[in-house]
Structures are given as C-alpha cells and as structure tokens.
Amino acid sequence: MRKTPTRRSGRLQATEGGNSDSDVGEEDSSFLQPRSSIRAHRDQQLGPTGPHSSPAKETPKPMVKEEAKAPRTRSLRGVRQKTPESSDSENEAPRVVAAGGTQGSVPRILLQRVRIPFSKEKEEEVDEEKPEISHKNDGTKVKVAPPYASRVEPKESELVRPSPAVPRKKNLTEPQKVEVLDPRKQWTKDSRFLRPAAVGRSRTPIKPKKTSFTRWICYFLLPCLLLLPAAWYLWKLGCPMSLSEFPSHISFSHLWGVQKEPCTSDCSFVLVESIPDGLTYDPEAPVHMSVYQSWMDLMDGAQSSVDIAAFYFTLQGADTGVQDPSSEEGEKVLQKLMDLSSRGVKLNIAVNGTQNTTDLIMLTRKGAEVKFVNFESLLGGVLHTKLWVVDKKHIYIGSANMDWRALTQVKELGAVLYNCSCLAHDLRKIFQMYSYLGEEGATIPSSWPNDFSADSSLSHPQHVLLNGSNAHVFISSSPDALCAGGRSSDLDSILATIDDAKEFIYISVMDYLPRLEYSEPKRFWPVIDNRLRSAACDRRVTVKLLISCWPHSKKAMFVFMESLEVLSRKPLECPIEVKLFVVSATEKQKTFPFSRVNHNKYMVTDRIAYIDQASLCKSSQVAPFLKGTSNWSEDYFLNTAGVGLIINQTGAGVAGSITAQGQLKAIFQRDWNSQHTQPLSHGMRCASRD
C-alpha cells in the first residue's frame, strides 16, 4: 500500500517507504507541480535551454503536494498560460514555461512591471505566486505580472475583472485596476502616476501658453473694470467723511439719483417770527411774517398731507387754565387742523410722552393719526423737535411749540421753505423715525435701515435755489442715536460753525450752561465753551452772546457767562461780549405760565448761519444759514431729540439782507441793539431760582 507524501521542511518525502517521484501515479500529478514563486526559481539550477542544448544531468525532483489555496480572484487572460501538463482544476497553480517549452526560471531583466493598486483594507494571507510568463516561439513578446510591480493606473481596456464563477471572500479587497507596461514605449511621469507619451512629443507635460489676448484681459481689462466703478463713485458722491456716512452713500437713490417722487429745488425761503404782545422795536427795524400766519398759509395750501412733530399740544387757553384773547390765534390753528380731514388731507402727528391731551383727543376724533413717542424710556430725554412737512414739498423748522403762547406770548424764530421737495423728502425721513418709535414696543435700532439715511449732510449738502440764489442746504439731527446713515449731528455742527468763523460769531439762545443740567450727578461740560474761548482769544474772532433772562433762568448760568466776559479785560482783551434779553410783562401776563421769554435758538457767523429747533447741527466749510431748537447744555445734545436747518449762500452775489444769512444777522443786530437788552450784571435780578 502506497503512503501519501507529506510536507517536511519545505520538501516532500514519502512516508513509510513511499515511492519516489518517479513512482508517483498519474492520480498524484495534479499536486506535484513546482512552486510558482521567485524563491523556487532561485533555488533551481539553471541549465541551457532551447532545442539544441545538451541534456543536463537529471536531478531527482522532489515530490511536492501543493496545499489548497484560496480561490483565485482574478485572471490575466493573454498574459499567463498553462502548460499542457497542468490540470484543468481552477485551484491549481500555473507553471512557468520558457520560450522553448521547458520549465525554468526567467531572467529578471526581462520581467515587465505591472502596477497593482494599493488597497487600504488588509487582504487575507495568500501564498505568493510566481509571475506567469508567456513566450512566443520567436521570443519577441513577454508578459509578466510580478508582485513587486509599481503602481500604475491601468487603461480601461486592460482591466482584469474577476471571473464570475469564482466565489469571492468578504474580507478580500479587490484591486481596482491593473496596467501592463511595455518598456519599449516612451513614458512621461507626473507627481501621481505614469502616462504613455505620444511619439515625437516631449516627456514633460506641456502647459498651455497664454496668448496676448488673455494677458490683456488679466493685466488691463479686469483692473479697469474694478477701478472705473470706484472712480465714478468718488466723482459722483465724493469720499465719505466717516463710516457712518457710508451706508447712505451706497443706497440706491444716492448712487443713481433716483427719488420716489419728483424733487424740486427751486425754493422760496421766508424767515418767520413770533413777537410777544407789548414787545416793540424801532420803526426801521426789520419785520418778518409771523409764525401764526405761516402755519395758517401752510394748512390752507395743503392738498394731501400734513406731518407735524412737536414737544406737546396746548393750542387752547383752557389747556393752561388761562382765559385771555391772546389765545385766539392758537385756537384758530387747532380748528384749522381739525378741518384738514374734511378736505381729504391726512394729518400725521408725532408727539413726546404718553399723555393724551385735550387737543390731541379732538384731533384724533377728526381722523388725525397721533403717535406718542415715550422718549424718556428710550433715551431718558424728550422729543423737543418742532417741524412741519406739508404735501412733502413745504417745510417749517423753528423754535415755536404747538402752543398758543408761542404765537403771542413768547419770542420765537423759524424758517419756512416753499416748493422745496428735495429738502422736504429728507426732513420727512426724520419724522418717519419718530413715527416708528411711537409704535408699541418699538426700540431704537443699532443701525437704521437705508430708507432713513440722510439725503444731505455736511459733506454732501443739497444744491438748491433760495429766492433765486444758489445755496447749499442740509438737515441735521440729534441725538446721535437718531442720526441715521449719513446724517450730521447737532453738536458737531455747532463746533464746526465756531471753528469756521473768521470775523464774528453771533449766538442767541435761551439757556447757555456748559454742564450736564437735567441729570444727576451734575458735571462740567466745556465742549462749546472752550471753542468760543479759543475763537476769541486765539483767532481774535468777535463773539457776542445774547442770553434770555426770565424767572426760570438758573443763577449758575450767569456765573458761566461772567467767566467768559472776563476774558475781555486787560491784558487778554479777548473780543467776547455777553448781553441779556428780557421780555417785559404786565401783571396779567406774568400769570401766564412759561411765557414772556426770548425762545430763539440760532447762531450766525460771517461764514455760517445756524437756526436750531431742538438741537444744533453740523455745519459746512462754506457760509450757510443754520436754525435749530436746542438750548446749549449737554442734555440737549445727548438725550434730547431735535433737528436743525443749515443753509449756505456764500458767494451768491446777492445783497446780504436778501440771503438767509443776511436776514438772520439783521435780526440779531436788531435785538442786540434794542432797549430789551441788559448787561450781564443784571442777571441775578431777573433770575428767581438757583
């Protein structure tokens, strides 16, 4: 009985007197194949091969029985071929045959490289296989697939796919592609893999050359496309003075000059005043239209809308507990306001506080839309603004409140511009801000939308015609929290106006207190005061201040005034003068609360004129006319709402009395030289409170 050969130390031996390899039967020929590994070829003794070689000494071949291997996962059709002696079993390892048909090793220099892509997954351990070599009879073509081939991306046509009949193991990762390289061809190399090069071409990759047209686009056309919009922007709008003005510059209406409604800039300008009953001037003194008459004219000409922002409404004598014929004008104004709805005119009101007074109740019943702005909860101050916008083309800005006393018992100053829709559009944006803050639960946004951005500012005033003369006009606002994009603030306007003066600075205000007055703790606030001292003592600009003196004046104000006037003494001799304006009153008139006072708030210089209604505004470097509504203490600039009108008519070529600046200067000189002024030393007499 013949024993089955067993493996020992890499060799096959017969056990218990088994047969040699020559005695092995045909049934064992299927597993007596030589090892198909490079190590096995190296161990074999090479002899001459070929049809004429002498037979080498035949050495006994060990009987080897191959262990069962894992099923083949791929086949190299056209590369490997089996010898006639090999079995048809799929699990048998193929033998390597030389060109002459005899077994033997192949020189390594003839082996071709085959790249097998790297797999991240670990394959099952499989016995190494010898590269299969196929030789034609003429010895011209050799194809091998050694395990040490370099990584090369194969061509799609040379992909070797697994046979469907061979089962796959789950944890055996199949390489994606295999490519057989021919050393007789030229190859180019890049950072990742090899590619065959075209015959006659360079071995290095050829980069496309940039044409002159491409260079022209990159180096000339594209930079021009970027620079032209920037140049147009600077030419059209100029460079913004600060980042706060930039949002208004980039708004659509600014860039393209688009207005929602037709804009007219041929404006008529009129100064209006309220002269208290019993206050008289010289017959030659200038006389202007009354505030009462200007309000009545605006309402008579209204066709679509009337927008009013006010501190409060007390147009009837009964509102203050006074029965006097002088309240008749205020009551007529109230009646005219109530009649607007019957003519199809919409009345919109924004008022400070939350108290619904009798006048507002009557107006609401007649169809007026009233918004109460709780400014104390928003900023800790008040809505001190006094403005009118009629039909979005006529405007009024002044110091007069919606009070019957402002028409007959208080000295007021204001300005009316007719047919000036360009400026009316800008002023109405401020009114819309107040209306928005009057909504329930409204808060001041950190940044106002572009719809509220200013149409004019210190650096970009509107170019209009005032009474036929060229003028630069813009609207300012305070406090800073209510200055939308591009809006010039009031305090900056005053400081710029003072710094720009060359010859004189004339100021008329009700209160001048360089400290925080209406908040605790009180503190010194010398911002405006220092600028006036510097203008007089450093630049020798004549400074004149006309301050109101009435029972509600604070005595601390006169001490500050004295500290200014003392600079005019030797050896300094700074040109500073201070006077007090006193409105006389009868015994009955003294019973009218909060009346008989000069409520004007304006400043005029040789280059700039300023009229304020609740606060001061930024001025330009050319001579404008300014008007405002603020008193000159810190409170009116930090937490009190107001607007200002700035008009510049320098170089208009018209007599000074016709320009806005000339008219305002004439009013100041009339009051300064009138019998209603007193020296500063009399201040303590008219003041009755500390």
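Residues numbered from 1 in each chain as written. Predicted model: local features only at pLDDT ≥ 70, side-chain atom pairs only at ≥ 80, totals over all residues. Heavy atoms only, no water.

Peer 1: Lay out the environment of Ile646 with the relevant residues and their values.
Peer 2: Tracing the sequence through the fold places Ile646 in strand β30 (residues 642-648). C-alpha of Ile646 to C-alpha of Ile611: the two residues are 35 residues apart in sequence and 7.2 Å apart in space. (Helix = DSSP H or I, 4+ residues; strand = E, 2+ residues; numbered from the N terminus.)

Peer 1: Provide a residue-level description of the state of the cysteines, including the pertinent values.
Peer 2: By definition, a disulfide links the sulfur atoms of two cysteines through a covalent bond. Summed over all chains, the structure comprises three disulfides. One disulfide bridge connects Cys537 with Cys574, the sulfur atoms lying 2.0 Å from each other. One quick way to see it: the torsion about the S-S bond of Cys537 and Cys574 is about 120°, and its sign makes the bridge right-handed. With Cys537 in helix α12 (residues 527-537) and Cys574 in the loop between α13 (555-565) and β26 (576-581), this residue pair connects regions lying 37 residues apart in the sequence. (Disulfide = S-S within 2.5 Å.)

Peer 1: Requested: an account of the nonpolar core, with residues and values cited.
Peer 2: In this structure, Tyr434, Leu466 and Leu645 are the most contacted members of the largest nonpolar core, which totals 54 residues. It is helix α10 (residues 421-437) that provides the largest number of residues to this core, a total of eight residues. Counting 36 residues, the second largest nonpolar core, distinct from the first, contains Trp525, Ile528, Phe560 and Val578. (Core = buried A, V, L, I, M, F, W, Y, C linked by side-chain atoms within 4.5 Å. Buried < 20%, exposed > 50% of the residue type's maximum accessible area, 1.4 Å probe, protein only.)

Peer 1: Quick rundown of the packing of helix α5 (residues 291-301) against helix α6 (residues 328-338)? Include the residues and the values.
Peer 2: Where α5 contacts α6, the two axes come as close as 10 Å, and the packing angle between them is 15°. Between α5 and α6, the crossing angle belongs to the class labelled roughly parallel. The crossing of α5 and α6 is left-handed. Of the residues in α6, those in contact with Tyr292, Trp295, Met296, Met299 and Asp300 of α5 are Glu329, Lys332, Val333, Lys336 and Leu337. (Axes fitted to C-alpha atoms, helices over the stretch in contact; angles between N-to-C directions. Parallel < 35°, antiparallel > 145°, perpendicular 65-115°, else oblique. Left-handed = near helix turned anticlockwise from the far one by under 90°. Contact = heavy atoms within 4.5 Å.)

Peer 1: Quick rundown of the packing of aromatic side chains? Include the residues and the values.
Peer 2: Under the criterion given, the structure shown has twelve aromatic pairs. Summarising the aromatic geometry, the rings of Trp404 and Phe592 are spaced 5.7 Å apart at their centres and angled 75° between planes, so their arrangement reads as edge-to-face. Highlighted residues: Trp404 in the loop between β17 (402-403) and α9 (405-408) and Phe592 in the loop between β26 and β27 (602-605), separated in sequence by 188 residues. One exposure class covers both Trp404 and Phe592, and it is buried. Judged by centre distance (6.5 Å) and plane angle (90°), the rings of Tyr602 and Phe668 are edge-to-face. Here Tyr602 is found in strand β27, whereas its partner Phe668 is found in helix α15 (residues 660-672), with 66 residues between them in sequence. Phe668 carries the same exposure label as Tyr602, and that label is buried. An aromatic cluster is built from Phe504, Tyr506, Tyr602, Phe668 and Trp672, whose rings are joined through pairwise contacts. For Lys411, the ring lying beneath its charged end belongs to Phe581, and the centroid distance is 5.5 Å. The aromatic ring of Tyr281 is capped on one face by Arg670, whose charged end is 4.2 Å from the ring centroid. (Phe/Tyr/Trp six-rings, centres within 6.5 Å; stacked < 30°, edge-to-face > 60°. Lys NZ or Arg CZ within 6 Å of the ring centre and 35° of its normal.)

Peer 1: Now, about the confidence of the model for the protein chain: what can you tell me, with residues and values included?
Peer 2: On average, residues of the protein chain carry a pLDDT of 74, and 60% of them reach 70 or more. Scored below 50 in pLDDT, residues 147-151 shows 13 contacts in the model against residues more than four places distant or in partner chains. Of the regions scoring below 50 in pLDDT, residues 614-630 engages in 144 contacts with residues more than four places distant in sequence or in other chains. (pLDDT = per-residue confidence, 0-100.)

Peer 1: Can you lay out the pairing of β26 for me, pointing to particular residues and giving the numbers?
Peer 2: Here strand β25 (residues 542-548) runs beside β26; their pairing, made up of six bridges, is parallel. Bridged to Leu546 within β26 is Lys579. Sheet analysis places β26 next to strand β31 (residues 677-679), joined by three bridges and oriented antiparallel. Residue pairing across strands places Phe581 opposite Thr677, the latter belonging to β31. (Pairing = 2+ DSSP bridges.)

Peer 1: Break down unusual backbone geometry for me, citing the residues and quoting the values.
Peer 2: With an omega dihedral of -5°, the bond running from Ser478 to Pro479 counts as a cis peptide bond. In this structure, Pro479 sits in the loop between β20 (469-478) and β21 (488-489). Pro571 follows Lys570 through a cis peptide bond whose omega is 5°. With respect to the helices, strands and loops of the structure, Pro571 is situated in the loop between α13 and β26. One non-glycine residue, Asn419, adopts positive backbone phi at about 50°. Summarising the element assignment, Asn419 is placed in the loop between β18 (412-418) and α10. Accessibility expressed as a relative area gives 38% for Asn419, which makes it partly exposed.

Peer 1: Pulling in residues and values, what's your account of a nonpolar patch on the surface?
Peer 2: Together, Phe213, Trp216 and Phe220 make up a nonpolar patch on the protein surface, roughly 360 Å² of accessible area in all. Within the secondary structure, Phe220 is located in helix α2 (residues 212-237). Among the residues examined, Phe220 registers a relative accessible area of 46% and is labelled partly exposed. (Patch = residues over 30% accessible without salt bridge, like charges linked within 9 Å, V, L, I, M, F, W, Y side chains within 5 Å. Areas by Shrake-Rupley, 256 points an atom, 1.4 Å probe, with all protein chains shown as cover. Salt bridge = Lys/Arg side-chain N within 4 Å of Asp/Glu carboxyl O.)

Peer 1: Describe the pattern of salt bridges, with residues and values.
Peer 2: Pairing of side chains with opposite charge becomes possible as their charged atoms draw close. Evaluated as defined, the whole model comprises 16 salt bridges. Asp307 is the partner of Arg428 in a salt bridge, and the nearest nitrogen-oxygen pair spans 2.8 Å. Of this pair, Arg428 sits in helix α10 while Asp307 sits in strand β11 (residues 305-310), and the two are 121 residues apart along the sequence. Side by side, Arg428 and Asp307 carry an identical accessibility label, which is buried. Measuring nitrogen to oxygen at the nearest pair gives 3.6 Å for the salt bridge that ties Glu369 to Lys371. A residue is classified by how much of its surface remains accessible, and Lys371, at 15% relative accessible area, is buried. Look at the salt bridges and you will find they share partners, linking Glu273, Lys411, Arg670 and Asp671 into a network.

Peer 1: How would you sum up the side chain of Ser595? Please name residues and give values.
Peer 2: Assignment of secondary structure puts Ser595 in the loop between β26 and β27. Setting aside anything within four residues of it in sequence, one finds Ser595 in contact with Arg405, Gln409, Val410, Trp550 and Gln589.

Peer 1: Go over the pairing of β11, please, and point to the residues and values.
Peer 2: Buried residues dominate β11, accounting for six of its six residues. Covered by surrounding structure in β11 are Ser305, Asp307 and Ala309 together with Val306, Ile308 and Ala310, the residues of both alternating faces. Bridging between β11 and strand β13 (residues 346-352) involves six bridges; their strand directions are parallel. Within β13, the residue paired with Ile308 across the bridge is Ile349. Summarising the sheet, β11 and strand β15 (residues 387-390) pair through four bridges and their orientation is antiparallel. Paired with Ala309 across the two strands is Leu387, which belongs to β15.

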